[in-house]
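Fold and contact review
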Amino acid sequence: MPGKPKVLITGATGQIGRTLMEDLDDAYDLTGTSRRPQDDDRFVLLKYDNLDDVVAAFSGQDAVVHMHAKANHDTDAFDPYLVPNVIDVYKTYEAARLAGVKRVVFASSNHATGWYELVGERCDAESVFRPDSFYGAAKVWGEALGRYYSDRFGLEVICLRIGSYQYREKPPSWTSGVRILSTWLSDRDLVQLVRRSIDAPDIKFGIYYGISNNARGYWDLTNAQSELGYTPEDNAEDYAAEVLASGGGYDLWGFKAPPAS
(Lines give C-alpha, C1' and ligand atoms only; values in the text may rest on other atoms or scores of the structure.)
Protein backbone atom coordinates (compact mmCIF):
# COMPACT_ATOMS: atom_id res chain seq x y z
CA MET A 1 0.00 0.00 0.00
CA PRO A 2 1.42 3.42 -0.93
CA GLY A 3 1.94 5.90 1.88
CA LYS A 4 0.26 9.25 2.25
CA PRO A 5 1.31 11.97 -0.22
CA LYS A 6 4.19 14.08 1.03
CA VAL A 7 3.21 17.75 1.29
CA LEU A 8 5.36 20.63 2.48
CA ILE A 9 3.79 23.85 3.78
CA THR A 10 5.97 26.96 3.80
CA GLY A 11 5.19 29.63 6.37
CA ALA A 12 3.56 26.92 8.46
CA THR A 13 3.44 28.98 11.66
CA GLY A 14 1.32 31.74 10.10
CA GLN A 15 -2.43 32.29 10.31
CA ILE A 16 -3.23 29.81 7.55
CA GLY A 17 -0.24 27.54 7.95
CA ARG A 18 -1.11 26.69 11.55
CA THR A 19 -4.59 25.55 10.59
CA LEU A 20 -3.31 23.45 7.69
CA MET A 21 -0.67 21.75 9.85
CA GLU A 22 -3.35 20.89 12.41
CA ASP A 23 -6.19 19.85 10.11
CA LEU A 24 -4.43 18.16 7.18
CA ASP A 25 -2.21 15.87 9.20
CA ASP A 26 -4.47 12.84 8.70
CA ALA A 27 -4.52 13.24 4.91
CA TYR A 28 -0.84 13.88 4.17
CA ASP A 29 2.67 13.26 5.39
CA LEU A 30 3.20 16.90 6.33
CA THR A 31 6.35 18.97 6.66
CA GLY A 32 6.19 22.60 7.75
CA THR A 33 8.85 25.25 7.37
CA SER A 34 9.68 27.96 9.88
CA ARG A 35 12.40 30.56 10.24
CA ARG A 36 12.65 29.67 13.94
CA PRO A 37 12.98 26.28 15.65
CA GLN A 38 9.65 24.65 16.56
CA ASP A 39 8.83 22.04 19.17
CA ASP A 40 7.31 19.77 16.50
CA ASP A 41 9.27 17.13 14.63
CA ARG A 42 7.27 17.79 11.47
CA PHE A 43 9.00 21.16 11.07
CA VAL A 44 12.25 22.01 9.32
CA LEU A 45 14.18 25.23 9.78
CA LEU A 46 14.22 27.20 6.52
CA LYS A 47 15.26 30.83 6.32
CA TYR A 48 14.95 31.05 2.51
CA ASP A 49 18.30 32.85 2.21
CA ASN A 50 19.89 30.20 0.01
CA LEU A 51 18.20 28.52 -2.96
CA ASP A 52 20.08 25.27 -2.29
CA ASP A 53 18.52 25.10 1.18
CA VAL A 54 15.05 25.50 -0.32
CA VAL A 55 15.75 22.75 -2.86
CA ALA A 56 16.91 20.45 -0.07
CA ALA A 57 13.75 21.12 1.96
CA PHE A 58 11.53 20.47 -1.08
CA SER A 59 13.32 17.27 -2.12
CA GLY A 60 11.04 14.23 -2.06
CA GLN A 61 7.82 16.24 -1.71
CA ASP A 62 4.81 15.57 -3.92
CA ALA A 63 3.40 19.08 -3.45
CA VAL A 64 4.41 22.39 -1.90
CA VAL A 65 1.80 24.74 -0.42
CA HIS A 66 3.43 28.16 -0.38
CA MET A 67 2.12 30.32 2.46
CA HIS A 68 5.37 32.11 3.32
CA ALA A 69 4.84 35.87 2.70
CA LYS A 70 4.41 39.32 4.19
CA ALA A 71 0.65 39.73 4.37
CA ASN A 72 -0.09 43.43 5.09
CA HIS A 73 -1.82 45.18 2.18
CA ASP A 74 -2.28 48.68 3.61
CA THR A 75 1.21 50.17 3.48
CA ASP A 76 2.91 52.34 0.87
CA ALA A 77 6.32 50.85 1.70
CA PHE A 78 7.66 48.59 -1.07
CA ASP A 79 10.89 47.27 0.44
CA PRO A 80 9.26 44.94 3.01
CA TYR A 81 7.65 42.95 0.18
CA LEU A 82 10.70 42.58 -2.05
CA VAL A 83 12.29 39.56 -0.39
CA PRO A 84 9.38 37.50 0.98
CA ASN A 85 6.79 38.25 -1.72
CA VAL A 86 8.94 38.59 -4.84
CA ILE A 87 12.38 36.96 -4.50
CA ASP A 88 11.24 34.11 -2.26
CA VAL A 89 8.35 33.34 -4.61
CA TYR A 90 10.90 32.88 -7.41
CA LYS A 91 12.93 30.63 -5.11
CA THR A 92 9.83 28.57 -4.37
CA TYR A 93 9.04 27.87 -8.02
CA GLU A 94 12.68 27.32 -8.96
CA ALA A 95 13.31 25.01 -6.01
CA ALA A 96 10.17 23.05 -6.83
CA ARG A 97 11.42 22.61 -10.40
CA LEU A 98 14.91 21.56 -9.31
CA ALA A 99 13.60 19.22 -6.62
CA GLY A 100 11.13 17.51 -8.95
CA VAL A 101 8.02 18.61 -7.06
CA LYS A 102 4.89 17.96 -9.13
CA ARG A 103 2.57 20.72 -7.87
CA VAL A 104 2.80 24.09 -6.13
CA VAL A 105 -0.25 25.61 -4.44
CA PHE A 106 0.47 29.34 -4.28
CA ALA A 107 -1.27 31.55 -1.74
CA SER A 108 -2.31 34.49 -3.86
CA SER A 109 -4.82 37.03 -2.56
CA ASN A 110 -8.05 38.81 -3.34
CA HIS A 111 -5.89 41.94 -3.33
CA ALA A 112 -4.52 40.91 -6.75
CA THR A 113 -7.85 42.26 -8.04
CA GLY A 114 -8.71 44.45 -5.07
CA TRP A 115 -9.32 47.65 -7.02
CA TYR A 116 -12.47 46.17 -8.52
CA GLU A 117 -13.83 45.92 -4.99
CA LEU A 118 -12.87 49.51 -4.15
CA VAL A 119 -14.93 50.80 -7.07
CA GLY A 120 -17.80 48.37 -6.60
CA GLU A 121 -17.21 46.12 -9.62
CA ARG A 122 -17.52 42.34 -9.45
CA CYS A 123 -14.82 40.10 -10.89
CA ASP A 124 -13.91 36.48 -11.37
CA ALA A 125 -10.82 34.38 -12.08
CA GLU A 126 -10.82 35.53 -15.72
CA SER A 127 -10.79 39.25 -14.85
CA VAL A 128 -7.68 41.25 -15.72
CA PHE A 129 -5.49 41.81 -12.66
CA ARG A 130 -6.18 45.06 -10.81
CA PRO A 131 -4.17 45.17 -7.57
CA ASP A 132 -4.98 47.55 -4.77
CA SER A 133 -1.50 47.69 -3.19
CA PHE A 134 2.14 46.61 -3.49
CA TYR A 135 1.03 43.45 -1.70
CA GLY A 136 -1.61 42.78 -4.35
CA ALA A 137 0.85 43.54 -7.16
CA ALA A 138 3.34 41.09 -5.68
CA LYS A 139 0.64 38.42 -5.69
CA VAL A 140 0.04 39.14 -9.40
CA TRP A 141 3.78 38.54 -9.89
CA GLY A 142 3.46 35.20 -8.12
CA GLU A 143 0.56 34.17 -10.36
CA ALA A 144 2.39 35.26 -13.52
CA LEU A 145 5.57 33.46 -12.50
CA GLY A 146 3.54 30.35 -11.78
CA ARG A 147 2.06 30.52 -15.27
CA TYR A 148 5.58 30.74 -16.71
CA TYR A 149 6.86 27.77 -14.72
CA SER A 150 3.81 25.77 -15.71
CA ASP A 151 4.16 26.54 -19.42
CA ARG A 152 7.92 26.24 -19.66
CA PHE A 153 8.73 23.48 -17.18
CA GLY A 154 5.45 21.59 -16.75
CA LEU A 155 5.08 22.46 -13.06
CA GLU A 156 1.46 22.19 -11.94
CA VAL A 157 0.48 25.49 -10.28
CA ILE A 158 -2.73 26.29 -8.40
CA CYS A 159 -3.12 29.96 -7.38
CA LEU A 160 -5.62 30.65 -4.62
CA ARG A 161 -6.90 34.21 -4.28
CA ILE A 162 -7.71 33.85 -0.62
CA GLY A 163 -10.36 36.08 0.93
CA SER A 164 -10.27 36.89 4.65
CA TYR A 165 -8.87 34.37 7.09
CA GLN A 166 -7.56 34.57 10.63
CA TYR A 167 -6.63 31.58 12.72
CA ARG A 168 -9.85 30.04 14.13
CA GLU A 169 -11.72 33.37 14.00
CA LYS A 170 -15.41 33.90 13.18
CA PRO A 171 -16.78 37.03 11.41
CA PRO A 172 -17.88 38.94 14.55
CA SER A 173 -14.26 39.19 15.72
CA TRP A 174 -13.10 40.99 12.56
CA THR A 175 -12.67 44.77 12.44
CA SER A 176 -13.39 45.22 8.71
CA GLY A 177 -17.10 45.76 9.22
CA VAL A 178 -19.63 44.39 6.77
CA ARG A 179 -16.87 43.40 4.31
CA ILE A 180 -16.25 40.17 6.22
CA LEU A 181 -19.75 38.97 5.27
CA SER A 182 -18.48 38.87 1.68
CA THR A 183 -14.85 37.78 2.10
CA TRP A 184 -14.79 35.29 5.00
CA LEU A 185 -13.11 31.92 4.56
CA SER A 186 -13.90 29.50 7.38
CA ASP A 187 -11.53 26.95 8.88
CA ARG A 188 -13.11 23.92 7.29
CA ASP A 189 -13.60 25.63 3.92
CA LEU A 190 -9.95 26.69 3.92
CA VAL A 191 -8.85 23.13 4.66
CA GLN A 192 -11.15 21.71 1.99
CA LEU A 193 -9.97 24.25 -0.59
CA VAL A 194 -6.30 23.48 -0.01
CA ARG A 195 -6.92 19.75 0.03
CA ARG A 196 -8.81 19.96 -3.27
CA SER A 197 -5.97 22.06 -4.69
CA ILE A 198 -3.43 19.42 -3.77
CA ASP A 199 -5.49 16.46 -4.99
CA ALA A 200 -7.40 17.65 -8.08
CA PRO A 201 -6.10 15.78 -11.14
CA ASP A 202 -5.20 17.05 -14.59
CA ILE A 203 -4.74 20.74 -13.78
CA LYS A 204 -1.65 22.39 -15.22
CA PHE A 205 -2.45 25.93 -14.07
CA GLY A 206 -5.41 27.64 -12.52
CA ILE A 207 -6.49 30.71 -10.53
CA TYR A 208 -9.30 30.29 -8.02
CA TYR A 209 -10.95 32.50 -5.41
CA GLY A 210 -11.07 31.18 -1.88
CA ILE A 211 -14.04 32.23 0.24
CA SER A 212 -16.83 30.40 1.99
CA ASN A 213 -20.33 30.06 0.53
CA ASN A 214 -21.15 33.62 1.54
CA ALA A 215 -24.50 35.01 0.44
CA ARG A 216 -22.84 38.40 -0.14
CA GLY A 217 -19.67 36.99 -1.72
CA TYR A 218 -17.78 39.35 -4.03
CA TRP A 219 -16.09 36.69 -6.13
CA ASP A 220 -17.27 33.93 -8.43
CA LEU A 221 -16.38 30.41 -7.25
CA THR A 222 -17.63 28.64 -10.39
CA ASN A 223 -14.25 27.42 -11.64
CA ALA A 224 -13.16 26.36 -8.14
CA GLN A 225 -16.30 24.24 -7.93
CA SER A 226 -16.06 22.74 -11.42
CA GLU A 227 -12.29 22.21 -11.66
CA LEU A 228 -11.23 21.59 -8.06
CA GLY A 229 -14.49 20.15 -6.74
CA TYR A 230 -14.57 22.82 -4.00
CA THR A 231 -17.95 22.89 -2.25
CA PRO A 232 -17.80 25.40 0.61
CA GLU A 233 -20.04 24.60 3.56
CA ASP A 234 -20.06 27.76 5.65
CA ASN A 235 -21.79 31.11 5.12
CA ALA A 236 -20.82 34.36 6.82
CA GLU A 237 -24.47 35.36 6.67
CA ASP A 238 -25.01 33.20 9.74
CA TYR A 239 -23.22 35.96 11.65
CA ALA A 240 -24.80 38.91 9.82
CA ALA A 241 -26.90 40.25 12.69
CA GLU A 242 -23.92 40.54 15.01
CA VAL A 243 -21.60 41.95 12.33
CA LEU A 244 -24.11 44.54 11.11
CA ALA A 245 -24.86 45.64 14.67
CA SER A 246 -21.16 46.42 15.13
CA GLY A 247 -21.15 48.74 12.08
CA GLY A 248 -18.04 49.79 10.21
CA GLY A 249 -17.00 49.70 6.58
CA TYR A 250 -13.95 49.06 4.44
CA ASP A 251 -11.77 51.75 2.93
CA LEU A 252 -8.28 51.89 1.45
CA TRP A 253 -6.22 54.85 0.22
CA GLY A 254 -9.22 57.11 0.77
CA PHE A 255 -11.55 54.97 -1.34
CA LYS A 256 -14.57 53.60 0.49
CA ALA A 257 -15.70 50.29 -0.94
CA PRO A 258 -19.47 49.86 -1.33
CA PRO A 259 -20.73 46.81 0.59
CA ALA A 260 -22.02 43.81 -1.33
CA SER A 261 -25.65 43.01 -0.80
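Residues numbered from 1 in each chain as written. Predicted model: local features only at pLDDT ≥ 70, side-chain atom pairs only at ≥ 80, totals over all residues. Heavy atoms only, no water.

A look at helix α3 (residues 79-99)
With 21 residues, α3 extends 29 Å between its outermost C-alpha atoms, agreeing within 8% with the 30 Å of an ideal straight helix rising 1.5 Å per residue. The sharpest bend along α3 reaches about 35° and sits at D88. Within α3, the full set of buried residues consists of Y81, P84, N85, V86, D88, V89, K91, T92, Y93, E94, A95 and A96. (Helix = DSSP H or I, 4+ residues; strand = E, 2+ residues; numbered from the N terminus. Expected span 1.5 Å × (residues − 1). Bend = angle between axes of the 7 residues up to and from the residue. Buried < 20%, exposed > 50% of the residue type's maximum accessible area, 1.4 Å probe, protein only.)

Some points on helix α7 (residues 187-199)
Here α7 is 13 residues long and its end C-alpha atoms lie 18 Å apart, about the 18 Å a rise of 1.5 Å per residue gives. For α7, the set of buried residues is D187, D189, L190, V191, Q192, L193, V194, S197 and I198.

Re the packing of helix α1 (residues 15-23) against α7
It is the contact of α1 with α7, at a shortest axis distance of 10 Å, that shows an interaxial angle of 75°. In this view, α1 runs roughly perpendicular relative to α7, as classed from their interaxial angle. Within the contact between the two elements, α1 uses I16, T19, L20 and D23 and α7 uses D187, L190, V191 and V194. In terms of residue class, the contact of α1 with α7 is made up of five nonpolar, one polar and two charged. (Axes fitted to C-alpha atoms, helices over the stretch in contact; angles between N-to-C directions. Parallel < 35°, antiparallel > 145°, perpendicular 65-115°, else oblique. Contact = heavy atoms within 4.5 Å. Nonpolar A, V, L, I, M, F, W, Y, C, P; charged D, E, K, R; others polar.)

Notes on the pattern of salt bridges
Going through the model one piece at a time under the given rule, you end up with 17 salt bridges. Close ionic contact of D25 with R42 constitutes a salt bridge, the shortest N to O distance being 3.0 Å. Note that D25 is positioned in the loop between α1 and β2 (29-34) and R42 in the loop between β2 and β3 (43-45), a separation of 17 residues in sequence. What makes D25 partly exposed here is its relative accessible area of 28%. Judged by its relative accessible area of 22%, R42 is partly exposed. Taking the shortest distance from any N to any O, the salt bridge between R103 and E156 comes out at 2.9 Å. One end of the pair, R103, is in strand β5 (residues 103-109); the other, E156, is in strand β6 (residues 156-162), and 53 residues separate them in sequence. Salt bridges linked by common partners bring E22, D23, R168 and D187 together as one network. (Salt bridge = Lys/Arg side-chain N within 4 Å of Asp/Glu carboxyl O.)

Focus: unusual backbone geometry
For residues besides glycine, phi is generally negative; the peptide bonds are generally trans as well. Its identity as a non-glycine residue notwithstanding, Y48 has a phi of 70°, on the positive side. Within the secondary structure, Y48 sits in the loop between β3 and α2 (51-58). The class of Y48 is buried, set by a relative accessible area of 3%. Of note, R168 is a non-glycine position whose phi angle comes to about 60°, a positive value. With respect to the secondary-structure elements, R168 resides in the loop between β6 and α6 (180-183).

Quick look at the side chain of T33
Structurally, T33 is set in strand β2. Its relative accessible area of 4% is what places T33 among the buried residues. Engagement of the side chain of T33 in a polar contact is seen with the backbone nitrogen of G11, the distance being 3.2 Å. Setting aside anything within four residues of it in sequence, one finds T33 in contact with L8, I9, T10, G11, A12, T13, F43, V44 and L46. (Polar contact = N/O pair within 3.5 Å; in protein donor to acceptor, adjacent residues only side chain to side chain.)

A short note on the sheet that holds β2
A sheet is described by the order of its strands in space; here seven strands give the open sequence β3-β2-β1-β4-β5-β6-β7, paired in parallel fashion. The open sheet has two edge strands, β3 and β7 (205-210), and neither has a second partner. Put simply, the sheet's adjacent strands are angled 20° from each other on average, direction ignored. In the sheet, strand β1 (residues 6-10) pairs with strand β4 (residues 63-66) via four bridges, with the strands oriented parallel. Paired with V7 across the bridge in β4 is A63. Running over the sheet, α1 touches β1, β2, β3, β4 and β6 and is turned about 155° from β2. (Pairing = 2+ DSSP bridges.)

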